[in-house]
Amino acid sequence: MPAKPRVSNNLPQAMKAVREIRGLTQEDFGLVSSRTYLSGLERGLKSPTLGKLEQIASVMQIHPLTLLALTYASTPSPEATAEVLDRVRQDVVRLWSKAD
């Protein structure tokens, strides 16, 4: 049986980190979200839908999966994020190889 994945939800921290790295303010998301809603997301008080996550990632000019990879990385580093993405790649390969 495969190892149980570590369940972690660092989405609030990932969103805030990317927003700050990109030099964006909460107000910069005004076309897709209110500042109050974004603040609630970054404080972990709210959970976005996939559609809302896609809109937010679009403003950040990143793929939505980037936010999710950062969310599940063990540390906020390129190496840890690459490990998450490698795991996703392996999962997809295994899934499709069984579908044949």
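Going by the structure above, here's the rest.
If you're wondering where the values come from, they're calculated on a predicted model, not measured in any experiment. (Residues numbered from 1 in each chain as written. Predicted model: local features only at pLDDT ≥ 70, side-chain atom pairs only at ≥ 80, totals over all residues. Heavy atoms only, no water.)

Visitor: Give me the packing of helix H1 (residues 11-21) against helix H4 (residues 64-72): which residues, what numbers.
Guide: At their nearest, the axes of H1 and H4 sit 8 Å apart, and the two run at 125° to each other. When the axis of H1 is compared with that of H4, the two are oblique. The two elements H1 and H4 meet at a crossing, and its hand is right-handed. For the pair H1 and H4, the contacting residues are Leu11, Ala14, Met15 and Val18 in the first and Leu67, Leu70 and Thr71 in the second. Counted by class, the contact of H1 with H4 contains six nonpolar, one polar and no charged residues. (Axes fitted to C-alpha atoms, helices over the stretch in contact; angles between N-to-C directions. Helix = DSSP H or I, 4+ residues; strand = E, 2+ residues; numbered from the N terminus. Parallel < 35°, antiparallel > 145°, perpendicular 65-115°, else oblique. Left-handed = near helix turned anticlockwise from the far one by under 90°. Contact = heavy atoms within 4.5 Å. Nonpolar A, V, L, I, M, F, W, Y, C, P; charged D, E, K, R; others polar.)

Visitor: I'd like to hear about the side chain of serine 77, residue by residue, with values.
Guide: Relative to the assigned elements, serine 77 resides in the loop between H4 and helix H5 (78-99). On the accessibility criterion, serine 77 (18% relative accessible area) is buried. For serine 77, the side chain forms a polar contact with the main-chain nitrogen of alanine 80, separated by 3.1 Å. (Buried < 20%, exposed > 50% of the residue type's maximum accessible area, 1.4 Å probe, protein only. Polar contact = N/O pair within 3.5 Å; in protein donor to acceptor, adjacent residues only side chain to side chain.)

Visitor: Would you mind going over the side chain of glutamate 42 in detail, with residue names and values included?
Guide: Note that glutamate 42 resides in helix H2 (residues 35-42). Setting aside its immediate chain neighbours within four residues, glutamate 42 contacts Pro12, Met15, Lys16, Arg19 and Gln26.

Visitor: Can you lay out the pattern of salt bridges for me, pointing to particular residues and giving the numbers?
Guide: If you walk through the whole model with that rule in mind, you get five salt bridges. Residue arginine 35 is joined to glutamate 27 by a salt bridge in which the shortest nitrogen-to-oxygen separation is 4.0 Å. For arginine 35, a relative accessible area of 40% puts it in the partly exposed group. (Salt bridge = Lys/Arg side-chain N within 4 Å of Asp/Glu carboxyl O.)

These values are about where atoms sit, not about what they do.
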